[in-house]
Amino acid sequence: MSTIILGIESSCDDTSAAVIRDGYLLSNVIAGQAVHEAYGGVVPELASRAHQQNIVPVVHEALKRAGVRKEELSAVAFTRGPGLMGSLLVGVSFAKGFARSLNIPLVDVNHLSAHVLAHFIKEKDEPHTAPEFPFLCLLVSGGNSQIILVNSYNDMEILGQTIDDAAGEAIDKCSKVMGLGYPGGPIIDRLARQGNPKAFTFNKPHIPGLDYSFSGLKTSFLYSLRDWLKEDPDFIQNHLNDLAASLESTVVEILMDKLRKAAKEYKIRQVAVAGGVSANNGLRQAFREHADKYGWEIFIPKFGYTTDNAAMIAMTGYFKYQDGDFCLIDLPAYSRVTL
Ligand code: KG4
């Protein structure tokens, strides 16, 4: 008999539902929330209200596209955390009510491990190579910058992480300083393609071990810009592409320096990247260059699996379901939780 998992994701500002049958993705529906654009960042209260409006139609659409009746579901998997509490509560409450009404198991999923396990999502008629355990995963998003040693589906160890800002957060903040839109990551990425990455130099951190720091880069960017603007009030407009390219390349260098160190220390050559910032073209290129230079076997997710999505929640739920790792109906959401 088939195992069919409905995954539900609502940790931040994307409402998403996906259906996976026996490890193969059948549907993955994502409703974004344009309402935050006007505020230059996610407004938690507006996010939870939008999730409430979206959750039923999104789940309905995911089941429809999958061609699956709700009575056929084996379990409901949901993001328990980390994330915004008001947002999480919508998905968690819906998942609990839905699973209870169908009398099927509930599976709680850690959003961070789901980003890592997105590399195991299989799609019919598409070639797929998943990493073999153990492998390293660089998880980079708006809230996290971590190097993870992935020993198995349910055994992950954080080798290093940011001690202050996340990489995506730093990019978004620098982009905001230049008066660009939100989120800044995709805009910086687009501008950087036309710029010179060596045009400007910004401070890189000196942090021991495998940890990261991005707050110094943010300050260095801000102070440099302030000085340049004194000389030329149109400095940003005149150098936009070069600023974006130099900022992006500094972030990528910081990320890759520690990842290289981790790969050497742990003697691992299978290296994956995950999270929103893994959509970045400069970072993807750096991975390909490392593959050529250091013989790494690299795993770069499809663009659709870089940002928040329920396909990765359903995939993680599928692994946990196979282990009989279910949760109780009274399990609370967690806004802050590590791997
Ligand atoms: O994983 P994610 O969707 O969720 C949160 O962490 O909330 O990551 C969002 C982050 C944002 O900081 C966004 O600017 C960044 O990922 N991002 C990018 C790109 N696309 C999204 N950063 C650089 N280049 C991109 N193409």
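Residues numbered from 1 in each chain as written. Predicted model: local features only at pLDDT ≥ 70, side-chain atom pairs only at ≥ 80, totals over all residues. Heavy atoms only, no water.

K.L.:
Please clarify how unusual backbone geometry should be interpreted in this entry.
P.N.:
For residues besides glycine, phi is generally negative; the peptide bonds are generally trans as well. Omega for the bond connecting F133 with P134 falls within 30 degrees of zero, at -10 degrees, which places this linkage in the cis form. Residue placement: P134 occurs in the loop between α3 (111–117) and β6 (135–140). Even without being glycine, D125 reaches a positive phi, approximately 65 degrees. Checked against the element boundaries, D125 lands in the loop between α3 and β6. In the Ramachandran plot, K267 falls in the positive-phi region, its phi being about 50 degrees despite a non-glycine side chain. Relative to the helices and strands, K267 resides in the loop between α7 (235–265) and β9 (270–274). Residue K267 is classed as exposed on the basis of its relative accessible area, which comes to 73%. (Helix = DSSP H or I, 4+ residues; strand = E, 2+ residues; numbered from the N terminus. Buried < 20%, exposed > 50% of the residue type's maximum accessible area, 1.4 Å probe, protein only.)

K.L.:
Would you take a moment to explain the packing of aromatic side chains for this structure?
P.N.:
To describe a pair of aromatic rings, one takes the distance between the centres and the angle between the planes. What the rule picks out here adds up to 18 aromatic pairs. Ring geometry for W228 against F235: centres 5.0 Å apart, planes inclined by 25 degrees, an arrangement best described as stacked. Classification of W228 as partly exposed rests on a relative accessible area of 24%. Members of the aromatic cluster, each reached through a chain of ring pairs, are F120, F133, F135, Y153, Y318 and F319. In this arrangement the basic side chain of K124 is found over the ring face of Y24, its NZ or CZ atom lying 4.6 Å from the centre. (Phe/Tyr/Trp six-rings, centres within 6.5 Å; stacked < 30°, edge-to-face > 60°. Lys NZ or Arg CZ within 6 Å of the ring centre and 35° of its normal.)

K.L.:
So what exactly am I meant to see when it comes to the site of the ligand here?
P.N.:
For the ligand, the set of nearby residues contains 17 residues, the closest of which are G142, D172, D189, G276 and N280. Backbone polar atom of G142 to an oxygen atom of the ligand: 2.8 Å apart, as the coordinates give it. Relative to its unbound accessible area of 550 Å², the ligand is 85% covered by the protein chains. Every element with two or more residues in the shell around the ligand is listed here: α4 (167–177) and α5 (184–192). The dominant element in the shell around the ligand, judged by the number of residues it contributes, is α5, at three residues. When its residues are assigned to classes, the shell around the ligand shows four nonpolar, ten polar and three charged. (Near = heavy atom within 4 Å. Polar contact = N/O pair within 3.5 Å; in protein donor to acceptor, adjacent residues only side chain to side chain. Areas by Shrake-Rupley, 256 points an atom, 1.4 Å probe, with all protein chains shown as cover. Nonpolar A, V, L, I, M, F, W, Y, C, P; charged D, E, K, R; others polar.)

K.L.:
Quick question: what am I supposed to make of the sheet that holds strand β3 (residues 24–31) here?
P.N.:
Backbone hydrogen bonds are what pair the strands of a sheet, in a parallel or an antiparallel way. With respect to topology, five strands assemble into an open sheet ordered β3-β2-β1-β4-β5, the strand pairing being mixed. The two strands at the open ends of the sheet, each matched to only one other strand, are β3 and β5 (106–110). Across the sheet, the axes of successive neighbouring strands diverge by a mean angle of 20 degrees, strand direction being ignored. Summarising the sheet, strand β4 (residues 75–81) and β5 pair through five bridges and their orientation is parallel. The partner of T79 across the bridge, within β5, is V109. (Pairing = 2+ DSSP bridges. Axes fitted to C-alpha atoms, helices over the stretch in contact; angles between N-to-C directions.)

K.L.:
Is there a simple way to explain α7 in this structure?
P.N.:
Because each turn of an α-helix spans 3.6 residues, side chains separated by three or four positions end up pointing in the same direction. In a regular helix each residue adds 1.5 Å, so 31 residues correspond to 45 Å; α7 covers 42 Å between its end C-alpha atoms and thus fits that length. At N241, α7 is deflected by roughly 55 degrees, the largest bend along its length. Phi for K267, located one or two positions after α7, is positive at around 50 degrees. (Expected span 1.5 Å × (residues − 1). Bend = angle between axes of the 7 residues up to and from the residue.)

K.L.:
Would you explain the side chain of H111 in this entry?
P.N.:
The residue H111 is located in helix α3 in this model. Look at H111 and you get buried, because its relative accessible area is 7%. Of the polar contacts made by the side chain of H111, one reaches the side chain of E9; its length is 3.0 Å. A distance of 3.1 Å separates the side chain of H111 from the side chain of D308, its partner in a polar contact. With near-sequence residues (within four places) excluded, H111 lies in contact with E9, S11, T79, G81, P82, D308, M312 and I313. (Contact = heavy atoms within 4.5 Å.)

K.L.:
Sorry if this is basic, but what is going on with the packing of α4 against α5 here?
P.N.:
If you want to describe how two helices pack, look at the angle between their axes and the distance between the axes. At a minimum axis separation of 8 Å, α4 and α5 run at an interaxial angle of 75 degrees. The angle between the axes of α4 and α5 places the two elements in the roughly perpendicular class. Counting all contacts with α4, which are made through I171, D172 and S175, the residues of α5 involved are G184, G185 and I188. Within the contact of α4 with α5, the residues separate by chemical class into two nonpolar, three polar and one charged. (Parallel < 35°, antiparallel > 145°, perpendicular 65-115°, else oblique.)

K.L.:
Looking at this model, I keep getting lost on the pairing of strand β7 (residues 145–152). Mind explaining?
P.N.:
Put simply, side chains in a regular strand alternate between the two faces of the sheet. Burial of β7 is extensive: six of the eight residues sit out of reach of the surface. Taking the residues between adjacent antiparallel strands as the criterion, β6 and β7 are bridged by four residues. Where β7 and strand β8 (residues 155–161) come together, six bridges link them in antiparallel fashion. Of the residues in β8, the one forming a bridge with S152 is D155. In this structure, the hairpin formed by β7 and β8 is closed by a connection of two residues.

These values are about where atoms sit, not about what they do.
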